Amino acid sequence: MSKPIKIAYSPCPNDTFVFDAWAHGRVPGAPPLDVTFADIDITNAMAERGEFDVLKVSYAVLPWVLEEYALLPCGGALGRGCGPLVLTNEAQRPADLAGKTVAVPSERSTAYLLFRLWAATEVPGGVGEVVVLPFHEIMPAVRDGKVDAGLVIHEARFTYRDYGLSCLADMGEHWEDTTGLAIPLGAIIAKRSLGAPLLRELAEAARASVRMAWDDPEASRPYVLEHAQEMDPAVADQHIGLYVNEFTAGLGEPGYAAVRGLLTRAAAEGLVPPLGPDALAFV
């Protein structure tokens with residue numbers, strides 16, 4: 001048996017759904033996986049330190065890591081109608097965030113990058129302090145008045161009303177309205193040092209794992225719910241339905257256009273380093 005591939009991804013339903021078949025040895029011929037679970041802020045930092053063979057990271061971190069890692073053309077999360085939300089305790093206007101404290105899941109997250117692009121035009125004078133909190137702590141912090149607003153991702157789209165919170169703005173809606181592009185959220189990257197043949201093998205394994213999950217959704221359910229942290233199974237299903245889509249099976253030109261659009265615009269605003277012309281190319 002070949003040496004296991006060290007991989008880190010989140011315990012969120014979309015990742016466990018995508019990787020279930022591969023992680024449990026059901027993808028014929030695929031290299032075995034040694035899985036570590038970690039939230040996106042942690043995997044982003046792992047990528048910057050060059051840790052792990054394969055990682056699920058924010059697209060926003062790519063400009064810092066693409067010399068060492070290659071972007072896999074499948075397995076990640078892009079979409080429409082699935083962007084991060086800015087939540088507050090009561091209905092407000094975007095301008096009311098000026099000078100306020102906002103909790104975010106990661107300063108290198110795509111969510112925060114979309115938020116900065118949005119705030120540049122919608123919050124005159126800019127927000128005040130930005131604090132990084134683990135994803136699951138953000139909505140309670142807003143509810144309890146510890147921060148003025150919170151930037152949330154994933155299943156919070158379906159649960160924020162349970163916390164008595166209001167949606168101030170939808171970052172994905174703003175991005176789609178202003179660019180017409182899909183929303184790039186999470187990417188799968190692998191070390192270039194693994195070599196082109198293995199990188200292609202990893203991409204095919206990820207694609208096969210996605211298709212096997214679609215063909216038999218019930219097979220992944222125990223793995224999904226085991227790691228979903230008391231999430232309602234119906235919410236987990238909504239989460240998977242929103243974030244696992246045709247872009248997960250293959251970025252295609254629309255997916256690559258969305259990624260280039262985000263990172264090019266962010267670089268023009270001085271928010272990320274510029275990408276080289278072939279930085280996103282796969283082997």
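Use the structure listed above.
Anyway, here's the lowdown on the structure attached to this text. (Residues numbered from 1 in each chain as written. Predicted model: local features only at pLDDT ≥ 70, side-chain atom pairs only at ≥ 80, totals over all residues. Heavy atoms only, no water.)

### Focus on the overall build of the protein chain
Rules: The secondary structure listing takes helices from DSSP runs of H or I that are at least 4 residues long and strands from runs of E that are at least 2 residues long, numbered from the N terminus. The atom set for the radius of gyration is the C-alpha atoms, and the globule formula is 2.2 Å times the number of residues raised to the power 0.38. Burial status follows relative accessibility: with a 1.4 Å probe on protein chains alone, a residue under 20% of its type maximum counts as buried, one over 50% as exposed, and anything between as partly exposed. Contact between two residues is taken to exist if any of their heavy atoms lie within 4.5 Å; hydrogens are not considered. Surface accessibility in these figures is a Shrake-Rupley result with a 1.4 Å probe; residues are shielded only by whichever protein chains are displayed. Counting rule for charge: Lys and Arg are taken as positive, Asp and Glu as negative, and neither His nor the chain ends is counted. Charge positions come from single atoms, namely NZ of Lys, CZ of Arg, CG of Asp or CD of Glu.
The helix and strand inventory of the protein chain stands at twelve helices and eleven strands. In summary, the protein chain has a C-alpha radius of gyration of 18 Å against a globular reference of 19 Å for 283 residues, a match within 12%. The principal-axis extents of the C-alpha atoms in the protein chain amount to approximately 55 × 45 × 30 Å. Per-residue burial over the protein chain gives 53% buried out of 283 residues. Across the protein chain, every contact between residues at least 6 apart in sequence was considered, and the portion connecting residues at least 24 apart equals 81%. Summed over all atoms, the accessible surface of the protein chain reaches about 11900 Å², with 50% contributed by carbon and sulfur. Where the 22 positive side-chain charges of the protein chain centre and where its 37 negative ones centre are 4 Å apart.

### Points about unusual backbone geometry
At Phe-52, a position not held by glycine, the phi torsion is positive, near 70 degrees. Position of Phe-52 relative to the elements: it lies in the loop between α2 (40-49) and β3 (54-58). Taking relative accessible area as the criterion, Phe-52 reaches 16% and is therefore assigned buried.

### A closer look at the pairing of strand β6 (residues 85-88)
Stated formally: Strand pairing follows a simple DSSP-based rule, namely that at least 2 bridges must link the two strands.
Because side chains alternate across β6, one face comprises the buried residues Leu-85 and Leu-87, and the other comprises Val-86 and Thr-88, equally buried. As paired elements, β6 and strand β9 (residues 149-152) share four bridges and run antiparallel to each other. For Leu-85, the partnering residue across the bridge sits in β9 and is Val-152. Summarising the sheet, β6 and strand β10 (residues 166-170) pair through four bridges and their orientation is antiparallel. In the strand pairing of β10, Val-86 is matched with Ala-169.

### Quick word on helix α7 (residues 171-179)
To keep it simple, the criterion reads: In protein, a polar contact means a hydrogen-donor-capable atom and an acceptor-capable atom, both N or O and within 3.5 Å, with residues adjacent in sequence counting only if both atoms are side-chain atoms; elsewhere, any N or O pair within 3.5 Å suffices.
Three or more residues of α7 are buried, namely Met-171, Gly-172, His-174, Trp-175 and Glu-176. The N-cap of α7, judged by a side-chain oxygen 2.9 Å from the amide nitrogen of Gly-172 a few residues on, is Asp-170. Immediately downstream of α7, the backbone of Gly-180 shows phi near 75 degrees, a positive value.

The values are spatial; any link to function lies outside them.
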